[in-house]
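Descriptive structure summary
Here is how the chains run, residue by residue.
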Amino acid sequence: MKTRITELFGIEHPIIQGGMHYVGFAELAAAVSNAGGLGIITGLTQKTPEDLAREIARCRALTDKPFGVNLTFLPTVTAPDYPGYIDAIIDGGVRIVETAGRNPEAHLPKLKEAGCRIIHKCTSVRHSLKAEAIGCDAVSVDGFECGGHPGEDDVPNMILLPRAAEELKIPFVASGGMADARSLVAALAMGAEGMNMGTRFIATKEAPVHENVKKAIVAASELDTRLVMRPLRNTERVLNNAAAEKVLATEREKGAELKFEDILQEVAGVYPKIMLDGDMDVGVWSCGMVAGLIHDIPTCKELIDRIMSEADTIIRQRLEGMLGGAPAVAA
Ligand SMILES: Cc1cc2nc3c(=O)[nH]c(=O)nc-3n(C[C@H](O)[C@H](O)[C@H](O)COP(=O)(O)O)c2cc1C
């Protein structure tokens, strides 16, 4: 399958693994890239630019295919050393960068000068248009369903993707709620040129996270996520657990007086304990509603091959069959 996204990034299949804190290590990025998708290392999970340089080198030793690095621009008071991370990306020979969070404009000239292709992840048409205007090469349009930060507009992908297609000239991928061939074909039908998956890629053999995390995703239904930090306008979709319930109780109790410090314990610095140690109730962690569609823990190659072969069947048999008047093949 060739799309503007496979051509832009030089990949075989239009499937991207979004940056994920304490999940997007070299092992996962390389496994996705080796399977013909685009794997992405999460920049800020590496504590320093030197650590990121080492992670990039590790990934390069595991794959000769293209991979990218995610740079998330956080609304923090003391910003991480973004110029240092950007140097590590460029010096490490990485030419694909997934930006997310705040407007990446200030950092684009250096990245573009080095020949990097930028895919910016955002949750609205207006932010997508801004990304296009500042020179991003593509957008990852993240619907309300997504794991992580869905923004504050609450527009699901069934509306957001066709709206993005109406407005954007640069190619975009669908992100949020994507799990399988049905997601991919639907996303393509709505104007996307591929899909970005987060939660689905955590439940794979190569994802270097604790088995408890993978099992929690497989066990969860589409009803098991919660939105936390909405009162702080920093909404995050997380898997429901004891910590999420505590955060929501604090939010109800404090109302408009809520401050970040009130929920600090459940929110800050919890990822290593959850993702690496498998301590599942110690804090909140991002997870998409798509958990309801995840029933197994395949390798990345099994997952991507299955998606591409089933997409072929859906397009050639189910959809084309409907046009030809033949009896429909179940999706
Ligand atoms: C555990 C987890 C951690 C994430 N961390 C980041 C991150 O650090 N930076 C980022 O841009 N997106 C992050 N995301 C968002 C994903 O890259 C992706 O956009 C999202 O998961 C798509 O929705 P889905 O989970 O329904 O596939 C994270 C998602 C999850 C599930």
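Calculation notes
Residues numbered from 1 in each chain as written. Predicted model: local features only at pLDDT ≥ 70, side-chain atom pairs only at ≥ 80, totals over all residues. Helix = DSSP H or I, 4+ residues; strand = E, 2+ residues; numbered from the N terminus. Buried ≥ 20, exposed ≤ 12 C-beta atoms within 10 Å, placed from the backbone. Contact = placed C-beta atoms within 7 Å. Near = placed C-beta within 6 Å. Nonpolar A, V, L, I, M, F, W, Y, C, P; charged D, E, K, R; others polar. Domains from an automatic or database assignment. Axes fitted to C-alpha atoms, helices over the stretch in contact; angles between N-to-C directions. Parallel < 35°, antiparallel > 145°, perpendicular 65-115°, else oblique. Left-handed = near helix turned anticlockwise from the far one by under 90°. Pairing = 2+ DSSP bridges. Core = buried A, V, L, I, M, F, W, Y, C linked by C-beta atoms within 7 Å. Right-handed = clockwise from strand over helix to strand, strands pointing away.

1. Brief notes about the overall build of the protein chain
What the protein chain contains, in helices and strands, is 14 helices and ten strands. The C-alpha extent of the protein chain, read off along each of the three principal axes, is 60 × 45 × 40 Å. Counting every position in the protein chain, which comprises 331 residues, the buried fraction comes to 46%. Contacts spanning at least 24 positions in sequence make up 63% of the contacts within the protein chain whose residues lie at least 6 apart.

2. Things to note about unusual backbone geometry
Positive phi, normally seen in glycine, also occurs at Tyr22, with a value near 60°. Among the structural elements, Tyr22 can be located in the loop between strand E1 (15-17) and helix H2 (26-34). One non-glycine residue with positive phi stands out, namely Asp154, at about 60°. Positionally, Asp154 belongs in the loop between strand E6 (138-142) and helix H7 (157-167).

3. Some points on the site of the ligand
Around the ligand, the surrounding shell holds 29 residues, and the nearest of these are Gly18, Ala100, Gly147, Gly198 and Gly288. Elements supplying a minimum of two residues to the shell around the ligand: strand E3 (67-73), strand E8 (195-197) and helix H9 (199-202). Residues that form the shell around the ligand fall into these classes: nine nonpolar, 16 polar and four charged.

4. A few points about the domain arrangement of the protein chain
Once the domains are mapped, the protein chain shows domain 1 (4-207) and domain 2 (211-289). On a C-alpha basis, the centres of domain 1 and domain 2 stand 23 Å from each other.

5. Considerations on the packing of helix H3 (residues 49-62) against helix H4 (residues 82-91)
How two helices pack is summed up by the angle between their axes together with the distance between the axes. Interhelical geometry of H3 versus H4 gives an angle of 25° and a closest axis separation of 8 Å. In terms of axis orientation, H3 runs roughly parallel to H4. Relative to H4, H3 is oriented so that their crossing is right-handed. Only Gly84, Tyr85, Asp87, Ala88 and Asp91 of H4 make contact with H3, whose side of the interface consists of Pro49, Leu52, Ala53 and Ile56. The residue makeup of the contact of H3 with H4, split by class, is six nonpolar, one polar and two charged.

6. Quick notes on the environment of Gly115
Structurally, Gly115 is set in the loop between helix H5 (108-113) and strand E5 (117-122). The spatial distance from the C-alpha of Gly115 to the C-alpha of Val141 is 23 Å, given a sequence separation of 26 residues.

7. What to know about the sheet that holds E5
What the eight strands build is an open sheet, ordered E1-E8-E7-E6-E5-E4-E3-E2; its pairing is parallel. Only two strands of the sheet have a single partner each, and these edge strands are E1 and strand E2 (39-42). Across this sheet, the average inter-strand angle for adjacent strands is 30°, counted without regard to direction. Summarising the sheet, E6 and strand E7 (residues 172-175) pair through four bridges and their orientation is parallel. When the bridges of E7 are listed, Asp142 appears paired with Ser175.

8. Details of the packing of H2 against H3
Interhelical geometry of H2 versus H3 gives an angle of 35° and a closest axis separation of 9 Å. Considering the relative orientation of H2 and H3, their crossing is right-handed. Contact residues: H2 offers Ala26, Ala29 and Ala30, while H3 offers Glu55, Arg58, Cys59 and Leu62. Tallied by class, residues from the contact of H2 with H3 come to five nonpolar, no polar and two charged.

9. Some details on the pairing of strand E10 (residues 236-239)
Of the two faces of E10, the one holding Glu236 and Val238 and the one holding Arg237 and Leu239 are both buried throughout. As paired strands, strand E9 (residues 225-228) and E10 are joined by four bridges and run antiparallel to one another. Note on E10: the bridge partner recorded for Thr225 is Leu239.

10. Some thoughts on the nonpolar core
Core analysis: the biggest nonpolar cluster contains 90 residues, and Ala29, Ile41, Val139, Ala187, Met195, Ile202 and Ile217 have the highest contact counts within it. Looking at which domains feed residues into this core, each of domain 1 (4-207) and domain 2 (211-289) gives three or more. Discounting chain neighbours no more than four positions away, the residues touching Val139 are Ile119, His120, Cys122, Ser128, Ala131, Leu168, Ile170 and Phe172.

11. Digging into the pairing of E6
Along any regular strand the residues' side chains alternate between the sheet's two faces. The element E6 is extensively covered by neighbouring structure, given that five of its five residues are classed as buried. Residues of E6 alternate between two faces, with Ala138, Ser140 and Asp142 on one and Val139 and Val141 on the opposite face, all of them buried. Handedness of the β-α-β unit built from E5, helix H6 (residues 125-133) and E6 comes out right-handed. Each parallel crossover has a hand, and the one from E6 via H7 to E7 is right-handed.

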